[in-house]
Number of protein chains: 2
Amino acid sequence: MGVTMAQRPKQERAVQTRESLLRAAAEVFDEAGFAGASISRILKRAGLTAGALYFHFDSKEDLARAVMNAQPRSVVPWPESEGLQRLVDLTMVWAHQLQVDPLLRAGVRLTSEQGSFGVKDATPYEEWSQIMTEILEVACEKGELQAGVEPGELAEFVVEACTGMQTYSAAASEGRADLAERVVRMWRLLLPGVAVPAVVARTQVNPERFRKLIQTAGAAPAH
Amino acid sequence: MGVTMAQRPKQERAVQTRESLLRAAAEVFDEAGFAGASISRILKRAGLTAGALYFHFDSKEDLARAVMNAQPRSVVPWPESEGLQRLVDLTMVWAHQLQVDPLLRAGVRLTSEQGSFGVKDATPYEEWSQIMTEILEVACEKGELQAGVEPGELAEFVVEACTGMQTYSAAASEGRADLAERVVRMWRLLLPGVAVPAVVARTQVNPERFRKLIQTAGAAPAH
């Protein structure tokens, strides 16, 4: 099943087309919600035909699922710290990206609203939980977690809390402007109960660090 | 502005009619979501006319807001414990009622999905936060909270976490069957960081206590 030289450019175009459709759909879902997003508006935004869309996606629902499941790769830069600090950094970058990236914003929105269009898909939650579990397993090996704190359990709770804080923030502030503060507050309340004292003391949870992470990313070459 | 004897029965009927509409609307919203719930289906369920509905509510959106804001009174029995134990009990009763009471379930669902029908109303979140803040102020006065833990901040975080755990649970389990376990997990992770050690040790966070609270309510006369 090797890929010949002739096939490769065609595949690359297909990947680009799929990405264009995903981004256009995300923008329209983000603006109008699932019900308000028409296929024709998505196609107009992407500058593509219905044929291109139905080559990649079966339906508007299928497109919505793909947007929901594209969340983790929207978190850029992926933090390079380790252990609990990495999880803190991940949630902070997430809070920032949610304000600037329509693909992540639409994914999060559709995940919370999926019941409104008859979808029941735990994959986006489970993927985040899995990513956070792996980060916390490193924290655990490094002796950062208090006895009895299971990486998988803490990971799932952090996913739940982040999910709720963004819906609360969407209702209470303009453009989720207060989301970063909510993330900081979560860690202030949660860390002392889950991390050993030395780690609580050294883990940095402040908007200053968060701004630096983002700025560094802005200055770095694309990856 | 006194109420005469002649007015009172009429007012009582109006209160009953409003409640019937609210319950019928909640059942239909719970089954079909906002978009799928038609006014005619709600009226059929309530056994009432459009005239009765528009006397009490301006629109389907107005009805949805009323369902969203009826959440706190759906938590029955209201726990009689004090301080942090009361907040733990409140979240446990909430998790149970969410499985059995369509009014609460629809309220929670519509609150998370409000973006899908163009509503931006933080009132349900803020009301829960206010209720939990008052409970935590008592906990604070009793010396149950660790230094630096602000009742209002912890209250808002618990609302966020509960919001996210029910959307995660709705996607991951049938009828939010795992919600009580998620509430227990939250308290296991959160309590050690926010409560003084003696309170962590004595606060009961187990499904056993939760079942007893519900059973006692079932046996008690209506209130």
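Per an unreviewed UniProt entry, the recorded name for chain A is ScbR family autoregulator-binding transcription factor, and the organism is Streptomyces thermocarboxydovorans.

A. Local environment of the pattern of salt bridges. Scanning all chains against the criterion turns up 39 salt bridges over all chains. A salt bridge links A:R182 to A:D178; its shortest N-O distance comes to 3.0 Å. A salt bridge links B:E153 to A:R188; the nearest nitrogen and oxygen atoms lie 2.3 Å apart. Of this pair, B:E153 sits in helix α8 (residues 151-172) while A:R188 sits in helix α9 (residues 179-194), placing the two residues on different chains. Given the relative accessible area of 46%, A:R188 is considered partly exposed. Through salt bridges with shared partners, a single ionic network connects A:E156, A:E160, B:D178, B:R182 and B:R185.

B. Structural context of the relation of the copies chain A and chain B. Overlaying chain A on chain B yields an RMSD of 0.0 Å, the required transformation being a rotation through 180° with an accompanying axial translation of 0.0 Å. Both copies are brought into coincidence by an operation consistent with a two-fold rotation axis. With an isologous cut-off of 70% or more, the 100% of interface residues of chain A that recur at the interface of chain B puts this contact in the isologous class.

C. Structural context of the interface of chain A and chain B. Between chain A and chain B, the residue contacts involve 39 residues of the former and 39 residues of the latter. Both faces combined, the contact of chain A with chain B buries some 3300 Å², and carbon together with sulfur accounts for 58% of it. Our count for the contact surface shared by chain A and chain B stands at 11 salt bridges. Here B:E156 and A:R182 are joined by a salt bridge, their closest N and O atoms 3.0 Å apart. Taken together, the connections running from chain A to chain B amount to 22 residue pairs in polar contact (both at pLDDT 80 or more). Among the elements of the structure, α6 (102-113), α7 (123-141), α8 (151-172) and α9 of chain A are those that each provide at least two residues to the side of chain A that touches chain B. The element that contributes the greatest number of residues to the side of chain A that touches chain B is α8(A), accounting for 15 residues.

D. The packing of α7(A) against α8(A), seen in detail. Residues and elements named next belong to chain A. Where α7 contacts α8, the axes come no closer than 8 Å and their chain directions differ by 130°. Taken as axis vectors, α7 and α8 run oblique relative to one another. The crossing of α7 and α8 is right-handed. The residues of α8 that touch α7, namely those facing Y125, W128, S129, M132, T133, L136, E137 and C140, are P151, G152, L154, A155, E156, V158, V159 and T163. Of the residues contributing to the contact of α7 with α8, the split by class is 10 nonpolar, 4 polar and 2 charged.

E. Region of the structure containing the domain arrangement of chain A. All names here are of chain A. Looking at chain A, the domain boundaries give domain 1 (7-66) and domain 2 (72-219). The distance between the C-alpha centroids of domain 1 and domain 2 comes to 28 Å. Residue-level contacts link 14 residues of domain 1 with 11 residues of domain 2. Of the roughly 1200 Å² buried between domain 1 and domain 2, counting both surfaces, carbon and sulfur atoms make up 59%.

F. How the structure looks around the UniProt feature "domain: HTH tetR-type" (unreviewed entry) in chain A. Sites flagged by UniProt as "domain: HTH tetR-type" (unreviewed entry) map to residues 15-75 of chain A. Helix makes up 75% of residues 15-75 of chain A and strand 0%, whereas the separation of the span's terminal C-alpha atoms amounts to 20 Å.

G. Representation of the nonpolar core within the structure. Judged by nonpolar contacts, the single largest core of 93 residues is most densely connected at A:W94, A:W187, A:L190, B:W94, B:W187 and B:L190. Excluding residues that lie within four positions of it along the chain, A:L190 makes contacts with A:L154, A:F157, A:V158, B:L189 and B:L190.

H. Structural context of the state of the cysteines. Under the definition given, this model contains 0 disulfides over all chains. Of all cysteine sulfurs in the structure, the one in A:C162 sits closest to B:C162, which takes part in no disulfide; the separation is 15 Å.

I. A look at the packing of aromatic side chains. Summed over the entire model, instances satisfying the criterion amount to 7 aromatic pairs over all chains. When the centroid spacing of 4.6 Å and the interplanar angle of 20° are considered together, the rings of A:Y125 and B:Y168 count as stacked. In this pair, A:Y125 sits in helix α7 while B:Y168 sits in helix α8, so the two residues belong to two different chains. An angle of 15° between the planes, with centres 4.0 Å apart, marks the rings of B:F34 and B:F117 as stacked.

Cut-offs applied
Residues numbered from 1 in each chain as written. Chains lettered and ligands numbered in written order. Predicted model: local features only at pLDDT ≥ 70, side-chain atom pairs only at ≥ 80, totals over all residues. Heavy atoms only, no water. Salt bridge = Lys/Arg side-chain N within 4 Å of Asp/Glu carboxyl O. Helix = DSSP H or I, 4+ residues; strand = E, 2+ residues; numbered from the N terminus. Buried < 20%, exposed > 50% of the residue type's maximum accessible area, 1.4 Å probe, protein only. Least-squares fit on C-alpha atoms with pLDDT ≥ 70 in both. Contact = heavy atoms within 4.5 Å. Buried area = accessible area lost by both parts, 1.4 Å probe. Polar contact = N/O pair within 3.5 Å; in protein donor to acceptor, adjacent residues only side chain to side chain. Axes fitted to C-alpha atoms, helices over the stretch in contact; angles between N-to-C directions. Parallel < 35°, antiparallel > 145°, perpendicular 65-115°, else oblique. Left-handed = near helix turned anticlockwise from the far one by under 90°. Nonpolar A, V, L, I, M, F, W, Y, C, P; charged D, E, K, R; others polar. Domains from an automatic or database assignment. UniProt positions renumbered as here; feature names shortened; annotations may be inferred. Core = buried A, V, L, I, M, F, W, Y, C linked by side-chain atoms within 4.5 Å. Disulfide = S-S within 2.5 Å. Phe/Tyr/Trp six-rings, centres within 6.5 Å; stacked < 30°, edge-to-face > 60°.

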